[in-house]
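Residue-level structural notes
Take a look at the letters that make up each chain.
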Number of protein chains: 2
Amino acid sequence: MSTTNHQKVYYSVLEEIRNYIDHHRLVSGDKLPSERELAETLYASRSSVREALRAMELLGLIQTRHGEGTFLSNYQSYESVELLASFILREKHTRQELATVKLLLEKEATKLAIHFAENGDFMKLKTIMHTANSGENEKHMAFFQYIFDMTNNLLIKKIWLIIVSFTQTLHDLYYEQTFYKDVITALQEKDSPKIEQLFFEQLINR
Amino acid sequence: MSTTNHQKVYYSVLEEIRNYIDHHRLVSGDKLPSERELAETLYASRSSVREALRAMELLGLIQTRHGEGTFLSNYQSYESVELLASFILREKHTRQELATVKLLLEKEATKLAIHFAENGDFMKLKTIMHTANSGENEKHMAFFQYIFDMTNNLLIKKIWLIIVSFTQTLHDLYYEQTFYKDVITALQEKDSPKIEQLFFEQLINR
DNA sequence: ACTGAATAAGTGGTCAGACCACTATGGAGT
DNA sequence: ACTCCATAGTGGTCTGACCACTTATTCAGT
């Protein structure tokens, strides 16, 4: 019944580090105190401090450089998403589920890209699809990598990359040859329903 | 443990643990080997094993009980999410990305659900939204949880759950009151473009 | 034979200290 | 002014110890 509020040390360390970041107005790239200094300041052992820092590192919140120090990550890398995914995707998800999510992400990204696409982009996409010395899977990857970059949404791209990496081991990634050309056209005409239709055709073609 | 390839020990440990879970077909609630046993098996120190376990714990992948052991979790534990979110959501850009992906997933799930919806489902959804003694966020969760279950796609649901758990700590999840009613109607009429339109209105309303 | 309390064994939680590997720095020698 | 390298500072890892908590075992009292 005793509600012992025994918080683990590494957890308090995490909170303290967050407070430190806030209080010192640290931004990406700034250096954190050394492990030994943190340990002394927070009255914790270096092991406990490291447990907290390693967790943060794995989540992509910080970046450690051997011999240099610990730094706030320069960009939001969504490392935690990858780690989570590697555990979630280990389960018995069917090929069907993976393929569906992959297609949905590609479709939505394309529709998002409508709002950002400029003239040069269409040319670039066409060039990608006409690169001679690359396989269909490589073209597909390059094509949508470009699309996802256009969306300015790193998170959705990250999720897609993970899904794709799992899909790739099962079967091919790519759609029909004419599909990509049609997508570029629809993108150019900012025709969202057309994109919806194009992907839907691929969905039922499987 | 071998330090070849500059791979940090705690990271190898993490991969090994994932392999162990995979190989032994562990499911939620199952017990992992003790820290000492893992250290011995993986030729790593207990400190390194703990660094890996703490990171997994922070992500809600495992649950440790003092004196008992370490157990595989169903990663529904929202315990550390708030702390995690306080780190991850520091940048406005990140919040935007999360909100967009959340909306896209909900939209696509709803459209997928069209193909599975039966008469009883609409009634059930209406009931959820008319439950008196529950907040708007709870209604929203229950509503879409039901939608996602209809899609028979566990993967997309899990992705959504993770996204939502982070979003929730920051601001409200839900849309306008009339929105849900309109969605049910569109679902009933299998009107995919209407669903598209409804969500799009919410997107620009932010 | 049964019950219950004391004990032991196993587990996570934490700490201190040691050593290694790597990086940046600054001073000695040119 | 330049180069070189010893050195200090940093993260990376390991060992061993002790504490706190939970469960299993033992054993005394009935």
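Each remark here, short or long, concerns the structure printed above.
Residues numbered from 1 in each chain as written. Chains lettered and ligands numbered in written order. Predicted model: local features only at pLDDT ≥ 70, side-chain atom pairs only at ≥ 80, totals over all residues. Heavy atoms only, no water.

**Quick word on the packing of aromatic side chains**
Applying the stated criterion to the full structure yields 24 aromatic pairs over all chains. Taken together, the ring pairs connect A:Phe143, A:Phe144, A:Tyr175, A:Phe179, A:Tyr180 and A:Phe199 into an aromatic cluster. Lying across the ring of B:Phe71, B:Arg65 places its NZ or CZ 3.9 Å from the centre. (Phe/Tyr/Trp six-rings, centres within 6.5 Å; stacked < 30°, edge-to-face > 60°. Lys NZ or Arg CZ within 6 Å of the ring centre and 35° of its normal.)

**Overview of the protein's contact with DNA strand D**
Residues in close proximity to DNA strand D total 25 residues, the closest being A:Glu35, A:Arg36, A:Arg46, B:Val9 and B:Ser48. A share of 57% is what sugar and phosphate atoms reach among the atoms of DNA strand D within 4 Å of the protein. Take A:Arg46: an N or O atom from its side chain is 2.8 Å from a base nitrogen of DNA strand D. Within the contact set of DNA strand D, a base nitrogen lies 3.2 Å away from a side-chain nitrogen or oxygen of A:His66. Broken down by secondary-structure element, the contributors of at least two residues to the surface near DNA strand D are helix H2 (35–41), helix H3 (46–58), strand S2 (62–65) and strand S3 (69–72) of chain A together with helix H3 (46–58) of chain B. Of the residues that constitute the surface near DNA strand D, the class distribution is three nonpolar, eleven polar and eleven charged. (Near = heavy atom within 4 Å. Polar contact = N/O pair within 3.5 Å; in protein donor to acceptor, adjacent residues only side chain to side chain. Helix = DSSP H or I, 4+ residues; strand = E, 2+ residues; numbered from the N terminus. Nonpolar A, V, L, I, M, F, W, Y, C, P; charged D, E, K, R; others polar.)

**Describing the sheet that holds S2(A)**
All names here are of chain A. The strand order across the open sheet built from three strands is S1-S3-S2, with neighbouring strands paired in antiparallel fashion. Each edge of the sheet is formed by a strand with only one pairing partner; in this case those strands are strand S1 (31–32) and S2. Bridge count for S1 against S3 is two bridges, and the pairing is antiparallel. The residue of S3 that forms the bridge with Lys31 is Phe71. (Pairing = 2+ DSSP bridges.)

**A closer look at the protein's contact with DNA strand C**
Residues in contact with DNA strand C amount to 25 residues; listed here are only the nearest, A:Lys8, A:Val9, A:Ser48, B:Glu35 and B:Arg46. Note that a phosphate oxygen of DNA strand C is positioned 3.2 Å from one of the backbone N or O atoms of A:Ser45. With respect to DNA strand C, the side chain of A:Ser48 contributes an N or O atom lying 2.8 Å from a phosphate oxygen. Elements that contribute at least two residues to the surface near DNA strand C include exactly H3 of chain A together with helix H2 (35–41), H3, strand S1 (62–65) and strand S2 (69–72) of chain B. Residues that form the surface near DNA strand C fall into these classes: three nonpolar, eleven polar and eleven charged.

**What to know about the side chain of A:Thr167**
Residues and elements named next belong to chain A. Counting through the fold element by element, Thr167 comes out in helix H8 (residues 154–168). Separated by 2.7 Å, the side chain of Thr167 and the backbone oxygen of Ile163 make a polar contact. Discounting chain neighbours no more than four positions away, the residues touching Thr167 are Leu98, Lys102 and Leu173. (Contact = heavy atoms within 4.5 Å.)

**Topic: the interface of chain B and chain A**
Taken together, the contact between chain B and chain A spans 50 residues of the former and 51 residues of the latter. A combined buried area of about 4,700 Å² lies between chain B and chain A, and 68% of that area is made up of carbon and sulfur atoms. Summed over the shared surface of chain B and chain A, the number is eight salt bridges. A salt bridge links A:Arg50 to B:Glu51; the shortest N-O distance between them is 2.8 Å. For the side of chain B that touches chain A, the secondary structure elements donating two or more residues are helix H1 (9–23), H3, helix H4 (81–88), helix H5 (92–113) and helix H8 (154–168) of chain B. Of the residues forming the side of chain B that touches chain A, the biggest block, eleven residues, is contributed by H5(B). A breakdown of the residues in the side of chain B that touches chain A according to their chemical character gives 26 nonpolar, eight polar and 16 charged. (Buried area = accessible area lost by both parts, 1.4 Å probe. Salt bridge = Lys/Arg side-chain N within 4 Å of Asp/Glu carboxyl O.)

**Comments concerning the side chain of B:Lys111**
Relative to the assigned elements, B:Lys111 resides in helix H5. In this structure B:Lys111 comes out as buried when scored by relative accessible area, which is 8%. Polar side-chain contacts of B:Lys111 include one of 2.5 Å to the side chain of A:Glu196. (Buried < 20%, exposed > 50% of the residue type's maximum accessible area, 1.4 Å probe, protein only.)

**A word on the environment of B:Asn119**
Along the chain, the position of B:Asn119 falls in helix H6 (residues 119–129). Considering only alpha carbons, one finds B:Asn119 and B:Gln188, 69 residues apart in sequence, at a separation of 8.2 Å.

**Remarks on the packing of helix H9 (residues 177–188) of chain B against helix H10 (residues 192–205) of chain B**
Residue and element names in this part refer to chain B. Interhelical geometry of H9 versus H10 gives an angle of 165 degrees and a closest axis separation of 9 Å. Taken together, the axis directions place H9 and H10 in an arrangement best described as roughly antiparallel. Crossing of H9 against H10: the hand is left-handed. Residue-level inspection shows Phe179, Asp182, Val183, Ala186 and Leu187 of H9 in contact with H10, the latter providing Lys194, Ile195, Leu198, Phe199 and Gln202. Counted by class, the contact of H9 with H10 contains seven nonpolar, one polar and two charged residues. (Axes fitted to C-alpha atoms, helices over the stretch in contact; angles between N-to-C directions. Parallel < 35°, antiparallel > 145°, perpendicular 65-115°, else oblique. Left-handed = near helix turned anticlockwise from the far one by under 90°.)

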